[in-house]
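In case you want the letters, here they are:
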Amino acid sequence: MEIKELPLPEDKRKNRFTDESKLGFGRIFTDRMLMIEWKADQGWVDARIQPYAPFVLDPSSLVFHYAQEIFEGLKAYRWADGSIALFRPEINAHRFNLSADRLCMPRLPEDLFIEGISRLIRLEKEWVPGAEGTSLYIRPTMIAVEPVLGVKASDHYYFYVILSPVGAYYAAGFDPVKILVEDYYVRSVPGGTGEAKTGGNYAASLKAAQEAKKKGFDQVLWLDGIHKKYIEEVGSMNMFFVYDDHVATAPLTGSILKGVTRDSVMQLAGRLGFNIRERQVTIDDLVADIRAGKVKEAFGSGTAAVITPVGLLGYKGENLTVGDGGVGKLTQKLYDTLTGIQYGKLEDSYGWVRKIA
Ligand code: COI
């Protein structure tokens, strides 16, 4: 499909950031965006790269009422030689379509997803920051725009991609975060939308996150929605617990996100000689194991969060320090290896990296 490039008028060019150390996460957006529409009687049409601009949408658009929306998150990395690479974008393209299936939205050809993003970034390449730990966050999104109040799948969608130069997701950077185990609210249940990357999952998580913040925690760790017994995931990352003889992470039972970083971490840790076990960890066992000093390290993985050390877990009023509360050895090693590959400092023997400029 042809992707048109619309002109960028002088008055639509923004001032670029000046201090890369102050980027934060997702507050600055580049000059252009990618747009493709889907109409029931035509399929995918009118692919274009256009100036970044607000949408004018009918207030009755389905997305506003029934949350028919999905998104993805991936990053472009600037290498020391100035070139730009994506990391495993084909997995995001595929996962986007799994989310689309779950939300009754049309599938986007996966090569169009990657080609559209690559073309957009080539035009916006000056926006890819180069300082340590920074990248260009890519947010592909699809929304239902048919103006009707009946509960139904839309007959008109916008697929769009916006770009945001970012630093660390957490204000603490690579310092260990504090996570509260949530034992009242639930994020998802079997058969629900927990595995899909859809806005509603995140809206439903805000209440718990707000209450956790008031208590001094950074995010919550969700338990399974039926028994409130098994560890699932943190809002923006999959979780790993490092024991002496293995690394435990929750299995993909359909209610947690199939993280791209999760999969990468499992492969990297396996190659480093660690025994990765996808197993159901009960919160009671985890608490007992942390108290007994058997859990040496804990960390989360995610595109935005990269690899984030977890230093403290709160559960039922008790604060449990994991290991020595600092950044664990494996956590550091995985962070260095993963980011080493993403930024082209280490050889990519996995074929994960895709140069686009
Ligand atoms: C990502 O890691 O890319 C995500 O989508 C998490 C997000 C909620 C910031």
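Residues numbered from 1 in each chain as written. Predicted model: local features only at pLDDT ≥ 70, side-chain atom pairs only at ≥ 80, totals over all residues. Heavy atoms only, no water.

In this section: the packing of aromatic side chains. As enumerated under the stated definition, the model contains 18 aromatic pairs in all. Geometry around Tyr-52 places Lys-14 over its ring, the cationic atom sitting 4.1 Å from the centre. Taking NZ or CZ as reference, Arg-279 lies 5.3 Å from the ring centre of Tyr-243, over its face. (Phe/Tyr/Trp six-rings, centres within 6.5 Å; stacked < 30°, edge-to-face > 60°. Lys NZ or Arg CZ within 6 Å of the ring centre and 35° of its normal.)

The next point concerns helix H7 (residues 283-291). Among the residues of H7, those classed as buried are Ile-283, Leu-286, Val-287, Asp-289 and Ile-290. Viewed end-on, H7 has its buried residues packed into an arc of 165°, placing them on one side of the element. Exposed residues on H7 whose side chains face more than 90 degrees from its buried face are Asp-284 and Arg-291. Note on H7: the residue one or two positions beyond its end, Gly-293, has a positive phi of about 75°. (Buried < 20%, exposed > 50% of the residue type's maximum accessible area, 1.4 Å probe, protein only. Helix = DSSP H or I, 4+ residues; strand = E, 2+ residues; numbered from the N terminus. Arc of directions from axis to C-beta.)

Contact geometry for helix H6 (residues 260-271) and helix H8 (residues 329-342): axes closest at 10 Å, N-to-C directions at 110°. As far as their axial angle goes, H8 and H6 are roughly perpendicular. Here H6 and H8 pass one another in a crossing that is right-handed. Contact residues: H6 offers Thr-261, Ser-264, Val-265, Leu-268 and Ala-269, while H8 offers Leu-334, Thr-337, Leu-338 and Ile-341. Here the residues of the contact of H6 with H8 are counted per class, giving six nonpolar, three polar and no charged. (Axes fitted to C-alpha atoms, helices over the stretch in contact; angles between N-to-C directions. Parallel < 35°, antiparallel > 145°, perpendicular 65-115°, else oblique. Left-handed = near helix turned anticlockwise from the far one by under 90°. Contact = heavy atoms within 4.5 Å. Nonpolar A, V, L, I, M, F, W, Y, C, P; charged D, E, K, R; others polar.)

What follows is about the nonpolar core. Membership of the largest hydrophobic core comes to 39 residues, with the highest contact counts inside it found for Phe-113, Ile-121, Ile-138 and Phe-159. Within the residue set of this core, elements represented by two or more residues are strand S2 (32-39), strand S3 (43-51), strand S5 (74-78), strand S6 (84-87), helix H2 (89-102), helix H3 (110-123), strand S7 (135-144) and strand S8 (156-166). Sequence-distant contacts of Ile-138, that is, excluding residues within four places in its chain, are made with Glu-72, Gly-73, Leu-74, Lys-75, Ala-76, Leu-86, Ile-117, Ile-121, Val-161, Ile-162 and Leu-163. Among the nonpolar cores identified, the runner-up in size contains 26 residues, and Val-234, Met-237, Phe-241 and Val-287 belong to it. (Core = buried A, V, L, I, M, F, W, Y, C linked by side-chain atoms within 4.5 Å.)

This brings us to the domain arrangement of the chain. Domain boundaries assigned for the chain yield domain 1 (4-166) and domain 2 (177-342). Taken as a group, Phe-71, Phe-87 and Arg-95 account for 34% of the area that domain 1 buries against domain 2, more than any other trio of residues on that side. Across the contact surface, domain 1 and domain 2 share one salt bridge. Residue Arg-88 is joined to Asp-263 by a salt bridge in which the shortest nitrogen-to-oxygen separation is 2.9 Å. Only strand S4 (69-71), S5 and H2 provide two or more residues apiece to the side of domain 1 that touches domain 2. Among the elements that take part in the side of domain 1 that touches domain 2, H2 stands out by supplying six residues, more than any other. (Domains from an automatic or database assignment. Buried area = accessible area lost by both parts, 1.4 Å probe. Salt bridge = Lys/Arg side-chain N within 4 Å of Asp/Glu carboxyl O.)

The next subject is a nonpolar patch on the surface. Residues Tyr-66, Leu-149 and Val-151 make up a contiguous nonpolar surface patch of roughly 320 Å² in combined accessible area. As for its position among the elements, Leu-149 is in the loop between S7 and S8. Exposure remark for Leu-149: the relative accessible area of 53% places this residue in the exposed category. (Patch = residues over 30% accessible without salt bridge, like charges linked within 9 Å, V, L, I, M, F, W, Y side chains within 5 Å. Areas by Shrake-Rupley, 256 points an atom, 1.4 Å probe, with all protein chains shown as cover.)

Attention now goes to the environment of Asp-81. Mapped onto the elements of the fold, Asp-81 is located in the loop between S5 and S6. A sequence separation of 272 residues divides Asp-81 from Val-353, and the C-alpha atoms of the two residues are 15 Å apart. Within the structure, the side chain of Asp-81 is placed 2.6 Å from the side chain of Ser-83, a separation counted as a polar contact. (Polar contact = N/O pair within 3.5 Å; in protein donor to acceptor, adjacent residues only side chain to side chain.)

Around the ligand, the structure places Phe-71, Gly-73, Tyr-137, Arg-139, Tyr-169, Lys-197, Tyr-202, Thr-303 and Ala-304. A distance of 2.5 Å is found between an oxygen atom of the ligand and a side-chain nitrogen or oxygen belonging to Tyr-137. Ala-304 is positioned with one of its backbone polar atoms (N or O) 2.8 Å from an oxygen atom of the ligand. A per-class count over the shell around the ligand returns five nonpolar, two polar and two charged. (Near = heavy atom within 4 Å.)

Time to look at the pattern of salt bridges. Scanning all chains against the criterion turns up 19 salt bridges. Of the charged contacts in the structure, one is a salt bridge between Asp-46 and Arg-48, with a shortest N-O distance of 3.0 Å. According to the relative accessible area criterion, Asp-46 is partly exposed, its value standing at 35%. Note that Asp-183 and Lys-316 form a salt bridge whose closest N and O atoms lie 2.8 Å from each other. A residue pair is termed long-range when its members are at least 10 positions apart, and Asp-183 in the loop between strand S9 (177-182) and helix H4 (199-203) and Lys-316 in the loop between strand S16 (306-315) and strand S17 (318-321) qualify at 133 residues. On the basis of relative accessible area, Lys-316 is assigned to the exposed category, the value being 62%. Here the salt bridges share partners, and the residues they tie into one network are Lys-4, Glu-37, Asp-46 and Arg-48.

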